[in-house]
Amino acid sequence: MPQPWQDTSLSAEDRAAALLSSMTLEEKLAQLVGVWPGSEAEEGEDVAPLQHEVSETVDLDGLLPHGVGQLTRPFGTAPVEPAEGAAALARLQTRIAAGNRFGIPALAHEECLTGFFAWRATVFPTPLAWGASFDPALVGRAAELIGGSLRSAGIHQGLAPVLDVVRDARWGRTEESIGEDPYLVATIGTAYVHGLESAGIVATLKHFAGYSASRGGRNHAPVSIGPRELADVILPPFELAVRDGGARSVMHSYNDIDGVPSAANPWLLTELLRDTWGFTGTVVADYFGVSFLELAHRVAATRGDAAGLALSAGVDVELPAVRCFGTPLRDAVRAGEVDEALVDRAALRVLRQKCELGLLDADWSPTPSALAEPAESAGPAGTAGAPGLDLDPPGMRAVARELAEESVVLLADDGDMLPLAPDARIAVVGPLADDPAAMLGCYTFPRHVGVEHPELPLGIDVPTLFAALRAELPGARVTHAEGCAAPGPAGFAGDPGAVASAGAAALTAESRLAQAARTAADADVCVAVLGDRSGLFGRGTSGEGCDAADLELPGDQGALLDTLVATGTPVVLVLFTGRPYALGRWSRLLAAAVQAFFPGEEGGPAVAGVLSGRVNPSGRLPVSVPYASGGQPWTYAQPPLGLRGDASSIDPTPLFPFGHGLSYTSFAWERPEADAAEVPTDGETTVRLTVRNTGDRAGTEVVQLYLHDPVARIARPVSRLIGYARVPLRPGETAEVHFAFHADLASYPLRADGTRVVEPGALELRLASSSADSGVRHTVPLTLTGPERTVDHRRRMVCEARVK
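Residues numbered from 1 in each chain as written. Predicted model: local features only at pLDDT ≥ 70, side-chain atom pairs only at ≥ 80, totals over all residues. Heavy atoms only, no water.

It is worth spelling out the sheet that holds strand 23 (residues 756-758) at this point. The strand order across the open sheet built from 3 strands is 22-23-26, with neighbouring strands paired in antiparallel fashion. Looking at which strands have only one partner, the edges of the open sheet turn out to be strand 22 (748-749) and strand 26 (789-791). As defined by bridge partners, strand 23 adjoins strand 26 across 3 bridges and the pair is classed as antiparallel. Looking at strand 26, one finds that Val757 is bridged to Thr790. (Pairing = 2+ DSSP bridges. Helix = DSSP H or I, 4+ residues; strand = E, 2+ residues; numbered from the N terminus.)

A word on the sheet that holds strand 1 (residues 34-35). One open sheet accounts for 7 strands, arranged 1-2-3-4-5-6-9; its pairing is parallel. Among the strands making up the open sheet, the edge pair consists of strand 1 and strand 9 (282-284). Judged from the 2 bridges that link them, strand 4 (residues 157-159) and strand 5 (residues 202-208) form a sheet pairing that is parallel. Residue pairing in the sheet places Gly158 in a bridge with Ala203 of strand 5.

By the secondary structure assignment, Glu180 is in the loop between strand 4 and helix 8 (182-198). Although Glu180 is buried, it makes no salt bridge; Arg167 carries the closest opposite charge, 7.6 Å away. Separated by 2.9 Å, the side chain of Glu180 and the backbone nitrogen of Tyr636 make a polar contact. In this structure, Glu180 is in contact with Val165, Val166, Pro622, Val623, Ser624, Thr635, Tyr636 and Phe658, ignoring residues within four places of it in sequence. (Buried < 20%, exposed > 50% of the residue type's maximum accessible area, 1.4 Å probe, protein only. Lys, Arg positive; Asp, Glu negative; His and termini not counted. Salt bridge = Lys/Arg side-chain N within 4 Å of Asp/Glu carboxyl O. Polar contact = N/O pair within 3.5 Å; in protein donor to acceptor, adjacent residues only side chain to side chain. Contact = heavy atoms within 4.5 Å.)

Residue position: Glu294 is located in helix 12 (residues 289-295). With a relative accessible area of 19%, Glu294 lands in the buried category.

Compared with the 24 Å implied by 1.5 Å per residue over 17 residues, the 24 Å span of helix 8 between its first and last C-alpha is a close match. Most of helix 8 is tucked away, with 15 of its 17 residues classed as buried. Backbone nitrogen of Tyr183 and a side-chain oxygen of the N-cap are separated by 2.8 Å at the start of helix 8; the cap is Asp181. Just past helix 8, the residue Gly200 takes up positive phi, approximately 90°. (Expected span 1.5 Å × (residues − 1).)

What follows deals with the packing of helix 21 (residues 509-521) against helix 22 (residues 557-566). When two helices pack together, their arrangement is given by the angle between the helix axes and the distance between those axes. Between helix 21 and helix 22, the shortest axis-to-axis distance is 9 Å and the interhelical angle comes to 35°. The handedness of the crossing between helix 21 and helix 22 is right-handed. Mapping the contact onto sequence places Leu513, Ala516, Ala517 and Ala520 in helix 21 and Ala559, Leu560, Thr563 and Leu564 in helix 22. Looking at the contact of helix 21 with helix 22 residue by residue, the class counts come to 7 nonpolar, 1 polar and no charged. (Axes fitted to C-alpha atoms, helices over the stretch in contact; angles between N-to-C directions. Left-handed = near helix turned anticlockwise from the far one by under 90°. Nonpolar A, V, L, I, M, F, W, Y, C, P; charged D, E, K, R; others polar.)

Bringing unusual backbone geometry into the picture now. Backbone torsion omega between Phe208 and Ala209 reads 5°, so that peptide bond is classified as cis. Following Leu319, the chain continues into Pro320 via a peptide bond in cis, with omega recorded as 0°. Topologically, Pro320 is positioned in the loop between helix 13 (303-313) and helix 14 (327-334). Unusually for a residue other than glycine, Phe134 sits at a positive phi of about 50°. Note that Phe134 resides in the loop between helix 6 (127-133) and helix 7 (136-152). Unusually for a residue other than glycine, Arg298 sits at a positive phi of about 60°. With respect to the element layout, Arg298 can be found in the loop between helix 12 and helix 13. Classification of Arg298 by relative accessible area gives exposed; the value is 69%.

Turning our eyes to something else, we now look at the nonpolar core. Side chains that are nonpolar tend, in soluble globular proteins, to be buried together. Counting residues in hydrophobic clusters, the biggest one holds 168 residues, and the most contacted among them are Phe208 and Phe325. Core analysis: the second largest hydrophobic core is formed by 39 residues, Val462, Val572, Val574 and Ala591 among them. (Core = buried A, V, L, I, M, F, W, Y, C linked by side-chain atoms within 4.5 Å.)

Once that is clear, we can look at the state of the cysteines. In total, this model carries 0 disulfides according to the counting rule given. Take Cys112: it sits in no disulfide, and the sulfur closest to it among the cysteines is that of Cys442, at 14 Å. Cys546 provides the cysteine sulfur closest to Cys442, a residue in no disulfide bond, and the two sulfurs are 7.1 Å apart. (Disulfide = S-S within 2.5 Å.)

Turning to the packing of aromatic side chains, a few remarks are in order. Counted by the stated rule, this structure contains 16 aromatic pairs. Note on Phe134 and Tyr724: the rings are 5.2 Å apart at their centroids and 80° apart in plane angle, and the pair reads as edge-to-face. Separated by 590 residues along the polypeptide, Phe134 in the loop between helix 6 and helix 7 and Tyr724 in strand 20 (residues 720-729) bring together distant segments of the chain. Across the pair, exposure class does not vary: Phe134 and Tyr724 are buried alike. Measuring from centroid to centroid gives 6.0 Å for Tyr183 and Tyr724, while their planes differ by 85°, and the two rings are edge-to-face. Of this pair, Tyr183 sits in helix 8 while Tyr724 sits in strand 20; the two residues are 541 residues apart in sequence, bridging distant segments of the chain. Each of the two residues, Tyr183 as well as Tyr724, counts as buried. Among the aromatic side chains, those forming a connected cluster through ring pairs are Phe134, Tyr183, Tyr636, Phe658, Tyr706 and Tyr724. Here the guanidinium or amino end of Arg120 rests over the ring plane of Trp119, the centre of that ring lying 4.1 Å away. (Phe/Tyr/Trp six-rings, centres within 6.5 Å; stacked < 30°, edge-to-face > 60°. Lys NZ or Arg CZ within 6 Å of the ring centre and 35° of its normal.)

Laid out in structure tokens, this is it:
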């Protein structure tokens, strides 16, 4: 007869409570920790902060009688054939369940920022590319496929998405973020959450909160922001993803805000997240984040003190491995230093989530669907199951290609060179032109783990731009020269890119430049392929722990671009990067410029398609591209004093603003109209705009809606995004875009406690192609009438857009 906690006719809450009441303190604590199988055996570079300094050998046999809460990165720690990995995970789960008296398995989590974080799995574009697509529906579709792939292999929780709003592009993790605008981050990120959750995967929001606002753009640095900036910029993406996305997990951030570390902040993790927003899931530690209360923040003297601080604040699970929530926390509870009720609170949340996932059902099986079902029936459309467990099936590659194509941004085009002529002589020059690493961010398996295993192939097909362009234009003469050394630290042993360029190692910098100049001079057009090589903790030019001193192109790439421009051959610049770089010195010298933000395994063909004209670019900048390297940090949503002024010699005006992007066709925007010119402070109106494709080819316009508040009681951004819509049109076709504007969208945090108000007065809605004044196509004046209103987390946060 099933035990009460196995009775699926009861609520998950009741089942979890019944199980909790039967557990010892040690058994409850076991549910609050993770174990990281295989991490002790990995002797390479750290893949988590201070991994080898903090990690300790874990006696799994000793833990089993009490149980195991989570399994850390069963696929993302070392290369393993997918089917073998799924079988090994199933065996381990069988062992864990059999080892404790309640038969409780572990909850297995994995990274999934650019897809299933496993060898041979599809690598999707990085989140900054999601933002460039301005397409929540497509991002949600990709997330659903990723979630189905995870689920089919026995994974329950995905550590994504990153909802940190970019505040300083020098920060190495800019590539993991969706953009510099909180509305774009919130809507795109919530779509990703909804996609994962719809596939049965627990989505984990990170990093809560303020991580991206670190001083100087440095990783693991303190955060100095006021409560209004926190409420208006940092928190809304998390708020929307909890409320509308249904996220079931949140990961605390490493940073402190005004001296209080997030892992020890009860206001953040309990009062705001749970009591105000109504979050009912689990709060998990960023890797070693509980230990950092003792070792880095120094707000705790011992492991037990750190555990008590984190548990009291609202951290439920210590990841990636047990260090503080085990024996130190047990001893603190028995000494009366930590209330056991806090342990019960966290354990109940963990057990409830395991009930929701079916892990406590009487018929639970450790065998994942990929091993239990035929290949054609495992997972949603586009995924595949055993035999072989194909984690990179055609359906997933197709969505990765579509997202990559939508994310490519045409920054500049003089109209003469793009699309490239099918019979042109094309010089493809640059250290990233024939390097698969150019497509991949640091949270992809090949760049995160694979670089430690140079003896193994990438495991997936990643066409380079050079190869893709030759395939795209078979009638063209396409030649290649490296031009300069690949960006990043020289000689990193595990980097396949270093091996790929070994043949040119004997060349001096001068001879490389000379060879590149000759190659360019002998061509009709030069495609200069520059950018970043991602890595971790200083082992790349972009990625976690790879922060930039400035926004100049890394390494010798600036000098290479100068050399190519000086040849007189028209230069089309292609950037594969994890952040924007200053391009002002070449702004009048290039024939065209194309930006791609680590576009994934299909990025080479996607960019080649834009260059050939097969793809009409529709990407828009999720971050501003600076004119010069100085003036940082800066984003577009500035109050008046944050813009250019005569009181400073530094002009922060970007070369290409947030939201900017060109097309190979043209669009006309007819004068819009609103249902009402006056709207109550609790009311709404609809704004309509007709868009016409006036060019000779199909294309997609991205209509952006910005709010301008001429007078407010605190200094407000001159303009901020509140809505957007992708509008695909054939030549001559028209469509009507409807934006449902609610007065709540004009709210702002008036008081220092974050309380938001909607006040009466004049507003201006700006229909624009970018955030810059030059991008404004039409304005719609509105007046809010009636009393001032206070709004809370139940306010309208999304301006619904419909295209008819």
